[in-house]
Amino acid sequence: MPLNRALILLGPPGAGKGTQAKRIAHNCSVPHLSTGDILREAIASGSALGQMVKPIMERGDLVPDDLVLHLVEERLSRPDSAGGVVLDGFPRTLPQAEQLDPILEKRGLGKPLVIDLFVNSDALLRRLTGRRMCSIGGEIYNIHDLPPKVQDICDIDGGKLIQRADDVAEVVKERLEAYEHQTKPLTEYYRSHGVLEVVDASKSIEEVNKSVSEILRKRAPGCDGHL
Ligand code: AP5
Ligand code: MG
C-alpha cells in the first residue's frame, strides 16, 4: 500500500536522510525525491542548471528557493507521485516549506508528515567524511560503518564508489552552518502545524529505520517502510 502523503525527512547533513529515504521509498513503492541528487545529476550532465548551481554547492551554500521549488513542483506533477513521496533535503528554508504546502494540497497529498532525524555534530563529520556513493545507482556506503563487500565497488550494480565534492571538512562546516541558520527553524514551523516527529538518528541504521516505521504505522498507516 502506498503512503498517500508526503513524508519529509529533516535533519542536518549526514543525519541519514538519504539512507532512510531510499529504504522507505523502496518499501512503500513511492518516489524518493532528493533535491541534492537532482542537482548533482544536473552538475554531472553539464546542463545550464548544473553550471549555475555548481559553485554554490561547492561552497556549501543553499541554491535559490525558486529554482528548487520549480524542480520539486515538476517532479510532484508526475503520475508516480500520486500515491505519496519521500522528500529528502527539501524543504530546507521557511519560504520552501510555506510554498510546498499548497503544492501538496493541489496534488491531493494533504498535510505532510515530518520526521526530524536528530544527531549530534561530532558524529556528523565522521559520517560525511567516511561516506562513499555509487557513481551509477547512488547507493550510499560508509568506509567506517557500512563498507561495500569489495573496496570502492558498489555491491548492487558494480559501479565505482566516489566521494561527494562537498564532503570535505571545510565545506561540511559551511553546510552545517547553513543547516543551523536556514533549515533548523523548520522544526518549529512543522511543530506548530502538529506534523513533527523527532527520531534519535545517532543510533544504527536499522534502529533508526525501526523508529521511523513505528511513527509511520501510527501516523500514516498506508505503509510503514520497514526494512
Ligand atoms: P543534500 O544532498 O540534500 O545534502 P545534505 O542535506 O547536506 O545531506 P547529506 O546528503 O549530506 O546527508 P544525509 O542526511 O542524506 O545522510 P546519508 O544518508 O547520505 O544537499 C547538498 C547540497 O545541495 C546543499 O548543500 C545545497 O547546496 C543543495 N541543495 C539541496 N537541496 C536544496 C534545497 N532544498 N534548497 C537549497 N539548496 C539545496 O548518510 C551520511 C553517511 O552516514 C553515509 O555514509 C551513511 O552510510 C552514514 N549513515 C547514515 N545513517 C547512519 C546511522 N544511523 N549510523 C551510522 N552511519 C549512518
Ligand atoms: Mg543525502
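Right, let's walk through the structure included here. Only a predicted model underlies this, so the values are computations on that prediction, with no experimental measurement involved. (Residues numbered from 1 in each chain as written. Chains lettered and ligands numbered in written order. Predicted model: local features only at pLDDT ≥ 70, side-chain atom pairs only at ≥ 80, totals over all residues. Heavy atoms only, no water.)

Here we look at the overall build of the protein chain
Here is the rule we go by: Starting at the N terminus, helices and strands are each numbered in turn, a helix being any DSSP run of H or I of at least four residues and a strand any DSSP run of E of at least two. The globule rule used here is 2.2 Å times the number of residues to the 0.38 power, and the radius of gyration it is set against is calculated over C-alpha atoms. The Shrake-Rupley method, run with a 1.4 Å probe, gives the accessible areas here. Residue values count only the displayed protein chains as cover.
Along the protein chain, the regular secondary structure elements total nine helices and eight strands. The C-alpha atoms of the protein chain give 17 Å as radius of gyration, which agrees with the globular expectation for 227 residues (17 Å, within 12%). Taken over the C-alpha atoms alone, the protein chain extends approximately 40 × 35 × 35 Å along its principal axes. Taken as a whole, the protein chain presents about 11000 Å² of accessible surface, with 53% of it coming from carbon and sulfur.

Quick look at the nonpolar core
Rules: Only buried residues count toward a nonpolar core. Its members are Ala, Val, Leu, Ile, Met, Phe, Trp, Tyr and Cys residues joined through side-chain atoms within 4.5 Å. Partly exposed describes any residue whose relative accessible area lies between the buried limit of under 20% and the exposed limit of over 50%, with all areas from a 1.4 Å probe on protein chains only and scaled to the type maximum. Any two residues whose heavy atoms approach within 4.5 Å at even a single point are treated as in contact.
Among the nonpolar cores identified, the biggest contains 29 residues, and Leu-76, Leu-87, Leu-100 and Tyr-190 are the most heavily contacted of them. Mapped by element, the contributors of at least two residues to this core are strand 1 (6-10), helix 3 (48-59), helix 4 (65-76), strand 3 (85-88), helix 5 (94-106) and helix 8 (185-192). With six residues, helix 4 is the largest single contributor of residues to this core. Other than its neighbours up to four places away in sequence, Leu-100 contacts Ile-8, Leu-69, Leu-76, Leu-87, Phe-90, Pro-91 and Tyr-190. Within the second largest apolar cluster, 26 residues are counted, among which are Leu-7, Val-86, Val-208 and Ile-215.

Considering the state of the cysteines
Put simply, the rule reads: Note on terminology: disulfide denotes any pair of cysteine sulfur atoms within 2.5 Å.
Scanning the entire structure with this criterion turns up one disulfide. With a sulfur-sulfur separation of 2.2 Å, Cys-28 is cross-linked through a disulfide to Cys-223. Residues Cys-28 and Cys-223 share a disulfide whose torsion about the S-S bond is about -85°; that sign makes it left-handed. One end of the pair, Cys-28, is in helix 1 (residues 17-28); the other, Cys-223, is in the segment after helix 9 (205-219), and 195 residues separate them in sequence. Of the two residues examined, Cys-28 and Cys-223, each falls in the buried class.

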